Amino acid sequence: MDSLTFLLSGTILAATPLLIAALGELIVEKSGVLNLSVEGMMALAAATGFIVVSATGSHWLALFAGGIAAMLLSAVFAVVVLFALGNQVASGIAVGILGLGLAGLIGTPYEGMTVAPMARAPVPLLSDIPVLGPGLFNHPLIVYLVPLVAVLLWWMFRTAKLGLVIRAVGESPESAHAVGYNVLAVRFAAVLVGGFMAGVGGAFISVVSSTLWSDGMIAGRGWIVIALVVFAMWRVERVVLGAYLFGMFAIAELLVQSMGISAPSQLLTSVPYIATIVAIALLSRDGRRIRLNAPVSLGRVYAGTH
Amino acid sequence: MRLPWTVEARAQRSPFAPLVAPLAAVTATILAGLLLFTLLGVPVTTAFYQLLVAPVSTTFNIGEVLLKATPLLLIAQGLAIGFRAKIWNIGAEGQLILGAIGGSLLPIWFNDSQNPMMLVGMALAGSCFGMGWAAIAAWLRSRFNANEILVTLMLNSIALQLLYYLVAGPLRDPFGFNFPQSALFPDVAMLPTLFGGARVNAGLFVALAATVAAWFFVERSMTGYRLQVGGVAPEAARYAGFSEKRAIWLSLLIGGAAAGLAGVFEVAGPLGQLQRVVSPGYGFAAIIVAFLGGLNPIGILFAALFMAVIYVGGDIAQASAGVPYAVIGILQGVLLVTYIAARLFVDYRVRWRRSAARVAAH
């Protein structure tokens, strides 16, 4: 496989879990909740997915189980911040640590084991294109489905009523409540859906792209996901762009090493984080723009239930 | 989804109220720990012994508890000052790493030094590095209004990569068979240990001094008062002319210096060199400690000790009963989750809707 094909195919595989998890986190943040437990949710899902695929051999079941596991964890977070009115930042960190702990615990007997890769579904005709075909169109089916989810969400937040309700709840929970929407229910659902999607992303890493389990294998990707949502200024189309960009950096690191160029790989790994800091600074310097983009009530406790 | 209960803020609280939530959380965490150990096949009595008795039973283990309490205490005191002002520094882990790097430079560059002032220089360098790392977030927040939660989070990840780069290259031990770690520090760069055989070191006194200093700063100083007003009532603070930018800089610099110093104490204490892993997540655990302690300097002291017991209990259980190290993370998570749930009942009056309706009818 020549290096361009490797770069394309590797980028797609690295970007897909980031994309699905970031789209989930986008939904959560649009509803006004900042869930910082993504790293823990992805780790728990990766462990759960790996165990399920080892036991059943079904990769689809593994992805689903990973999603459910992370969703259950996100339910703990949701109860703490929505019903117990906990501080979102501290609760997210704590639930994240909890998830990492649970992942390490249930994954212990599987440490270092591998599973069979997921069956590929080459796209007819397109996969025969030289270089591009094997790079872009010769992946497991789930890889093509994730961008479709992005399209669906893009449409939802633009025009569908559900998307507008989520946005209203995130912009001004008091107003949304006043016009009759149930703020807590919308946020609870958003956190669960976001948790499920983070879980699919986490399970993707252990059962599709790396096909192995090792404690700590999520290796900061949950933080990249949070960076990604901010980098994308809470816009679906930019999350897609950012995910493939950040995915490419992850692969470029391997490529650069294999080509013997002595750029420190740690610098490449840091690029997404640095880019995000720059993006936050650029976006925030203009007060109007940040208000137009960031959900206004993000991270704030909402206690008006009566 | 109309909740079956309503909440309203309590107008007055009993003087013991601040103790209720942490004690409930500690009890719940202990029960969760016993349950978890039992599920893992450890008999309940053994589990209880390993989790709570063993960590305080031998001189060495007490030393271990104090050793782990040191960075937690130091970092949490620094963070709590910012948290009270609603400046959310989530970057203590990165600031700790920078402190470890800064503190390692002198003993690596002057590896055969006999200079008795070495430790002082390391502490200064480390806390400056931690402060400098936090200053990036402070500058971006005060200059561009960039959210400090997100910036400090990103800086954590960058700090880790910086550490990996340095121990693999510029700061690697040239005679270390290519292992990603620095040369061992000279004796003058090591903190003296306190009592026979235990690893706890003089850093503990600094953490305790920081606790006293934090108490005076929060309870007795005008600056501390201004910070707190800024957190509780930003409008009032603005009206009174308390500078928000000053609060941002002060909070982040104090937090960064404390975390940086904690980083120095790790490399100059139990590690004795710069490695790829300089902290088992102390920077994040300290956030839990700060909240469990009610953002109160005295409360944080006890919270740090309990958190340290969890670390040591987990270590002991892993060594003697083969319980995975991961249980430590689970118990840390349970600790904060139950604390927040308990706080609901302390801070708010929770009423079932049915009885609330009856009260209204009267």
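Computed from a predicted structure; not experimentally measured.

Trainee: I keep staring at the overall build of chain B and nothing clicks. Help me out?
Mentor: Scanning chain B for helices and strands turns up 14 helices and two strands. For 362 residues, the compact-globule estimate of 2.2 N^0.38 gives 21 Å, and chain B sits close to it at 22 Å. Once the C-alpha set of chain B is aligned to its principal axes, its extents read approximately 80 × 60 × 35 Å. Out of the 362 residues in chain B, the part that is buried amounts to 54%. Here the analysis covers contacts within chain B between residues at least 6 apart in sequence; of these, 78% occur between residues at least 24 apart. Carbon and sulfur atoms make up 66% of the accessible area of chain B, which amounts to about 15,800 Å² in all. Side-chain charges in chain B split into 22 positive and 13 negative, and the spacing between the mean points of these groups amounts to 16 Å.

Trainee: Even after reading the chapter, I still don't get the environment of A:Leu19, so can you show me in this structure?
Mentor: Residue and element names in this part refer to chain A. In this fold, Leu19 is placed in helix 1 (residues 3–30). Given a relative accessible area of 0%, Leu19 falls into the buried group. Taking the C-alpha atoms as reference points, Leu19 and Ala198, separated by 179 residues in sequence, lie 9.2 Å from one another. In this structure Leu19 touches Val146, Pro147, Val239, Val240, Ala243 and Tyr244, once residues within four positions along its chain are discounted.

Trainee: Sorry if this is basic, but what is going on with the pattern of salt bridges here?
Mentor: Note on pairing: side chains with opposite charge can pair once their charged atoms come close. Overall, the coordinates contain eight salt bridges over all chains when judged by the stated rule. Its salt-bridge partner being A:Glu174, residue A:Arg300 comes within 3.7 Å of it at the nearest N-O pair. Residue A:Arg300 is found in the segment after helix 13 (287–293), and its partner A:Glu174 is found in helix 8 (residues 173–178); the two are separated by 126 residues along the sequence. Since its relative accessible area comes to 44%, A:Glu174 is described here as partly exposed. When the shortest N-O distance is used, the salt bridge between B:Arg141 and B:Glu244 registers 3.0 Å. With B:Arg141 in helix 5 (residues 118–144) and B:Glu244 in helix 10 (residues 244–271), this residue pair connects regions lying 103 residues apart in the sequence.

Trainee: Just checking my understanding: could you explain a nonpolar patch on the surface for this structure?
Mentor: A cluster of nonpolar side chains, namely B:Val56, B:Ile62, B:Leu194, B:Phe195, B:Phe205 and B:Leu208, defines an oily patch on the protein surface of about 470 Å² accessible area. Position of B:Phe205 among the secondary structure elements: in helix 7 (residues 203–220).

Trainee: Can you walk me through the interface of chain B and chain A in this structure?
Mentor: Frequently, the measure chosen for interface size is the accessible area removed from exposure when the parts meet. With 46 residues of chain B at the contact, the number on the chain A side is 45 residues. Scanning the region where chain B abuts chain A turns up zero salt bridges. Counting across the interface, chain B meets chain A through zero residue pairs in polar contact (both at pLDDT 80 or more). Contributions of two or more residues to the side of chain B that touches chain A are made by strand 1 (5–9), helix 5, helix 6 (148–168), helix 11 (282–292) and helix 13 (327–347) of chain B. Partitioning the side of chain B that touches chain A into residue classes produces 36 nonpolar, eight polar and two charged.

Trainee: What should I look at first to understand the packing of aromatic side chains in this one?
Mentor: Overall, the coordinates contain eleven aromatic pairs over all chains when judged by the stated rule. Judged by centre distance (5.1 Å) and plane angle (40°), the rings of B:Phe83 and B:Trp88 are tilted. Comparing B:Phe83 with B:Trp88 shows no difference in burial state: the two are buried. Look at B:Phe83 and B:Phe291: their rings are 5.5 Å apart centre to centre, the planes differ by 40°, and that puts the pair in the tilted class. Taken together, the positions of B:Phe83 in helix 3 (residues 59–84) and B:Phe291 in helix 11 put the pair 208 residues apart, joining distant regions of the chain. Given the relative accessible area of 3%, B:Phe83 is considered buried. Classification of B:Phe291 as buried rests on a relative accessible area of 12%. Taken together, the aromatic side chains of B:Phe83, B:Trp88 and B:Phe291 make up a single cluster linked through ring pairs. In this arrangement the basic side chain of A:Lys30 is found over the ring face of A:Phe157, its NZ or CZ atom lying 5.5 Å from the centre. The aromatic ring of B:Tyr164 is capped on one face by B:Arg276, whose charged end is 3.9 Å from the ring centroid.

How each quantity is defined
Residues numbered from 1 in each chain as written. Chains lettered and ligands numbered in written order. Predicted model: local features only at pLDDT ≥ 70, side-chain atom pairs only at ≥ 80, totals over all residues. Heavy atoms only, no water. Helix = DSSP H or I, 4+ residues; strand = E, 2+ residues; numbered from the N terminus. Rg over C-alpha atoms; globule rule 2.2 N^0.38 Å. Buried < 20%, exposed > 50% of the residue type's maximum accessible area, 1.4 Å probe, protein only. Contact = heavy atoms within 4.5 Å. Areas by Shrake-Rupley, 256 points an atom, 1.4 Å probe, with all protein chains shown as cover. Lys, Arg positive; Asp, Glu negative; His and termini not counted. Charge placed at Lys NZ, Arg CZ, Asp CG, Glu CD. Salt bridge = Lys/Arg side-chain N within 4 Å of Asp/Glu carboxyl O. Patch = residues over 30% accessible without salt bridge, like charges linked within 9 Å, V, L, I, M, F, W, Y side chains within 5 Å. Polar contact = N/O pair within 3.5 Å; in protein donor to acceptor, adjacent residues only side chain to side chain. Nonpolar A, V, L, I, M, F, W, Y, C, P; charged D, E, K, R; others polar. Phe/Tyr/Trp six-rings, centres within 6.5 Å; stacked < 30°, edge-to-face > 60°. Lys NZ or Arg CZ within 6 Å of the ring centre and 35° of its normal.

These results come straight from atomic positions and should not be treated as a statement about function.
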